[in-house]
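Remarks on the overall topology
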Amino acid sequence: MARNRSSLNQTAAIGRKKVEHLGKNYASIDFEISDKVDATEFKYAKMKPIVGTFVIGNKRVDVTLSELNHIASTAIAATQQCDLAYRMGNWGQPRTR
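Here goes a summary of the coordinates provided. For clarity, every value in this text was computed on a predicted model and none was experimentally measured.

Moving on, we get to the overall build of the protein. Summing up its helical and strand segments, the protein has three helices and four strands in all. In the protein, which comprises 97 residues, the proportion classed as buried is 16%. Partitioning the contacts of the protein with sequence separation of at least 6, the portion at a separation of at least 24 is 36%. For the protein, the accessible surface area stands at approximately 8,000 Å², while carbon and sulfur atoms represent 55% of it.

In structure tokens:
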């Protein structure tokens, strides 16, 4: 894999308090775009070239554009599924704070 150029979420700027509120992996979720992708391969074979590295916690996965699209659609579907489970009462009723 080519050297990665930049961090999308600038995770170093996320404070400890925000992490405590949003989850232990929140600050570690990131995408590092590759600095070298063959333009012809990208245009004509988007399923093939590695475009960067997706990071969660201490896990790093080199991904293609197709895989990034699948991650995004899976995350949206998962968010909708969680919201639906809450609204249907599958997780019980919230307590008053």
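Positionally, I71 belongs in helix α3 (residues 65-87). Accessibility expressed as a relative area gives 30% for I71, which makes it partly exposed. Along the primary structure I71 and F54 are separated by 17 residues, whereas in three dimensions their C-alpha atoms are 9.5 Å apart.

Two elements, strand β3 (residues 50-56) and strand β4 (residues 59-64), share six bridges in a ladder whose sense is antiparallel. Paired with T53 across the bridge in β4 is D62. As consecutive antiparallel partners, β3 and β4 are separated by two residues, and within that stretch G57 has a phi angle of approximately 60°, a positive value.

In this structure the tally under the stated criterion is two salt bridges. For the salt bridge of R60 with E32, the shortest nitrogen-to-oxygen distance reads 2.5 Å. Residue R60 is located in strand β4, and its partner E32 is located in strand β2 (residues 30-34); the two are separated by 28 residues in the primary sequence. Exposure remark for E32: the relative accessible area of 18% places this residue in the buried category.

What counts as what
- Residues numbered from 1 in each chain as written.
- Predicted model: local features only at pLDDT ≥ 70, side-chain atom pairs only at ≥ 80, totals over all residues.
- Heavy atoms only, no water.
- Helix = DSSP H or I, 4+ residues; strand = E, 2+ residues; numbered from the N terminus.
- Buried < 20%, exposed > 50% of the residue type's maximum accessible area, 1.4 Å probe, protein only.
- Contact = heavy atoms within 4.5 Å.
- Areas by Shrake-Rupley, 256 points an atom, 1.4 Å probe, with all protein chains shown as cover.
- Pairing = 2+ DSSP bridges.
- Salt bridge = Lys/Arg side-chain N within 4 Å of Asp/Glu carboxyl O.

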